[in-house]
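# Notes for the structure review
Chain by chain, the residues:
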Amino acid sequence: MRIDYHMHFEKGSYDADWAEGFFEAARKRGLSEIGISEHSHTFPEFRELYYQDLILDDSFIGTFQQKWLRTNKFKYTLDQYFAFMHKLQERHAVKIGIEVCNFQDQDKVRDILKRYDFDYIIGSVHFLHGWAYDSSEIKAEWDRIPLRDIYEWYTEEVEKLAASGLYDVLGHPFNIRLFRYLPDFDVTPYLLRAVKALQEAHMVIDVNTGTYYRYPIHEISPYPEFMKLAAQYGLPVITTSDAHQPEDCGRYNQLAVEYAKSFGYTGSIRFSKRQRSLVPFD
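Residues numbered from 1 in each chain as written. Predicted model: local features only at pLDDT ≥ 70, side-chain atom pairs only at ≥ 80, totals over all residues. Heavy atoms only, no water.

## Points about the pairing of strand β3 (residues 94-101)
Look at any regular strand and the pattern is simple: side chains alternate between the two faces of the sheet. Which entries qualify depends on this criterion: Burial classes: relative accessible area under 20% of the type maximum marks a residue as buried, over 50% as exposed, and values in between as partly exposed (1.4 Å probe, protein chains only). Secondary structure elements are taken from DSSP: a helix is a run of H or I of four residues or more, a strand is a run of E of two residues or more, and numbering for both begins at the N terminus. The criterion for strand pairing is that DSSP finds at least two bridges linking the strands in question.
When you tally the buried positions in β3, you get eight out of eight residues, the bulk of the element. What you see with β3 is no split at all: V94, I96, I98 and V100 on one side and K95, G97, E99 and C101 on the other are buried throughout. When strand β2 (residues 33-39) meets β3, the two strands line up parallel, connected through six bridges. In the sheet register, G35 faces β3, and the bridge partner there is K95. Where β3 meets strand β4 (residues 120-124), five bridges bridge the pair, whose relative direction is parallel. Looking at the pairing, I98 lines up with I121 of β4.

Below, the structure is given as structure tokens:
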């Protein structure tokens, strides 16, 4: 069975005709089931958390991130999302997920999430000390911060997400390689800390092709050194495309499956109402 649980409607709207493109792409690529994992910045319920956590001063980064928050954000409530997804479920096998950023106030996140019946919840590190590190527009910050600090900060954020007990999946693990800033030091201690935190939290890892086709690194996340440890510590996987537009749904899914198999994985997790089952790869 082939599944893709990480994708977003943010490039379009809650229009059934537009969303149909995701299902068309899924059929063409042989997927049995997909799940939508809208970014938390889609929803006004999370607005306050972004304004608390992001750098929003008059600096180069702050100015960009102020503009980012004003562009196509917070446009649908969670109630509207669920209503639209239930409409889609009348015609398609589709799960209702969400991808939540690594906010510092996890109690506030818990208060928001507990009101809704998600099939799965992805937690992803998108900010490091208030900096949206995966934004190409502010990539210059990579040249200012020591890479050891970035690995430490990223690992700390994974540990916080895991410790919260809120998440089923860690999204695109260690995608801090995305702009090809590669370490010349041993990163094993950071990887081990993350893997052990995820194991203790019973979390799944997201084998994500988004970094393969959307970023200069041109590799699947997580990269092989992390995958070896994930397999060693028995962390389950899902395979995903991180699609932001219909034609990318399931993109390189077969490559992700073969990649996971190369580390000994024989299947992926299937979610329903936060419950999981292991289904074999095709």
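There is more to say, and it comes next.
## What about the pattern of salt bridges?
Filter applied, for reference: Put simply, a salt bridge is a Lys or Arg side-chain nitrogen that is within 4 Å of an Asp or Glu carboxyl oxygen.
Scanning the model with the defined rule gives 15 salt bridges in all. In this structure, R91 engages E20 in a salt bridge whose closest nitrogen and oxygen atoms are separated by 3.5 Å. Pair noted here: R91 is in the loop between α4 (78-89) and β3 and E20 is in helix α1 (residues 16-28), with a separation of 71 residues, a long-range link. Note on R91: relative accessible area 58%, which makes it exposed. In this structure, E152 and R193 form a salt bridge, with 2.9 Å as the shortest nitrogen-oxygen distance. Placement of the pair is E152 in helix α6 (residues 147-164) and R193 in helix α7 (residues 188-200), with a sequence separation of 41 residues.

## Looking at the side chain of D4
Our working definition: Think of a polar contact as two N or O atoms within 3.5 Å of one another; within protein, one of them needs to be a possible hydrogen donor and the other a possible acceptor, and neighboring residues in sequence only count if both atoms come from side chains. Here a residue-residue contact requires only that any non-hydrogen atoms of the pair lie within 4.5 Å.
In this structure, D4 sits in strand β1 (residues 3-4). Engagement of the side chain of D4 in a polar contact is seen with the backbone nitrogen of H6, the distance being 3.2 Å. A polar atom in the side chain of D4 sits 2.9 Å from the backbone nitrogen of G250. Excluding anything up to four places from it in sequence, D4 contacts L31, E33, I34, G35, T239, T240, S241, C249 and G250.

## Quick look at the nonpolar core
We count it as follows: The nonpolar core is taken to be a set of buried Ala, Val, Leu, Ile, Met, Phe, Trp, Tyr and Cys residues, with the residues joined through side-chain atoms within 4.5 Å.
Within the largest apolar cluster, 96 residues are counted, with the highest numbers of intra-cluster contacts made by I34, F46, Y81, F118 and Y265. No other element matches the eight residues that α6 contributes to this core. When neighbours within four sequence positions are excluded, Y265 is seen to be in contact with I205, M227, A230, A231, L235, P236, V237, A260 and F281. In this structure, I3, Y5, I122 and F271 belong to the second largest nonpolar core, which totals 10 residues.

## Some points on unusual backbone geometry
Cis geometry marks the peptide bond from S221 to P222, where omega comes out at 0 degrees. Inspection of the secondary structure puts P222 in the loop between α8 (210-214) and α9 (224-232). Unusually for a residue other than glycine, F174 sits at a positive phi of about 50 degrees. Considering the arrangement of structural elements, one finds F174 in the loop between β5 (169-170) and α7. By relative accessible area, which is 1% here, F174 ends up buried.

## Topic: the packing of aromatic side chains
Pairs of aromatic rings are described using the distance from one ring centre to the other and the angle between the two planes. Using the following cut-off: Classification of ring pairs uses Phe, Tyr and Trp, with its six-membered ring standing for Trp, and accepts pairs whose centres are within 6.5 Å; under 30 degrees between planes counts as stacked, over 60 as edge-to-face, and the remaining range as tilted. Geometrically, a charge over a ring is one whose NZ (Lys) or CZ (Arg) sits within 6 Å of the ring centre while staying within 35 degrees of the ring normal.
One pass over the full model with this rule turns up 38 aromatic pairs. Each ring, one from F9 and one from Y14, has its centre 6.2 Å from the other, and the planes form 75 degrees; the classification is edge-to-face. Take F9: its relative accessible area is 1%, and that puts it in the buried class. Under the relative-accessibility criterion, Y14 is labelled buried at 16%. Consider the rings of Y116 and F118, whose centres lie 6.4 Å apart with planes at 55 degrees: the pair is tilted. For the pair Y116 and F118, a shared accessibility class is recorded, and that class is buried. The residue whose ring lies beneath R177 is Y223, and the NZ or CZ to ring-centre distance is 3.9 Å.

## Digging into the packing of α6 against α7
Two packed helices can be described by the angle between their axes and the distance between those axes. Just so we agree on the cut-off: Only C-alpha atoms enter the line fits that serve as axes; for helices the fit covers just the stretch in contact. Angles between N-to-C directions range over 0 to 180 degrees. Should an angle fall under 35 degrees it is called roughly parallel, over 145 degrees roughly antiparallel, and 65 to 115 degrees roughly perpendicular, with every other angle called oblique. Throughout, the ten residues Ala, Val, Leu, Ile, Met, Phe, Trp, Tyr, Cys and Pro are labelled nonpolar, Asp, Glu, Lys and Arg are labelled charged, and all others, Gly among them, are labelled polar.
As a packed pair, α6 and α7 sit with axes 9 Å apart at the nearest point and diverge in direction by 5 degrees. Judged on the interaxial angle alone, α7 and α6 are roughly parallel. Across the interface between the two elements, R148, Y151, E152, T155, E156, V158, E159 and A162 of α6 pack against Y190, R193, A194, A197 and L198 of α7. Class assignment for the residues of the contact of α6 with α7 results in seven nonpolar, one polar and five charged.

## A closer look at the sheet that holds β2
Pairing between the strands of a sheet comes from backbone hydrogen bonds, and it takes one of two forms, parallel or antiparallel. The seven strands are arranged β1-β2-β3-β4-β5-β6-β7 in an open sheet whose pairing can be described as parallel. Single-partner strands in this sheet number two, and they are β1 and β7 (237-240).

## Points about α1
Spelled out, the test is: To estimate the expected span of a helix, count its residues, drop one, and scale the result by 1.5 Å.
With 13 residues, α1 ought to run about 18 Å at 1.5 Å a step, and its terminal C-alpha atoms sit 19 Å apart, in line with that. Among the residues of α1, A16, A19, E20, G21, F22, F23, A25 and A26 are the ones counted as buried. Elements in contact with the buried residues of α1: β2, α4 and β3. Put simply, D15 is the residue that caps the front of α1, since its side-chain oxygen is 3.2 Å from the backbone nitrogen of D17. Within two residues after α1, G30 carries a phi angle of roughly 75 degrees, on the positive side.

Without other data, these values stay purely geometric and don't point to any function.
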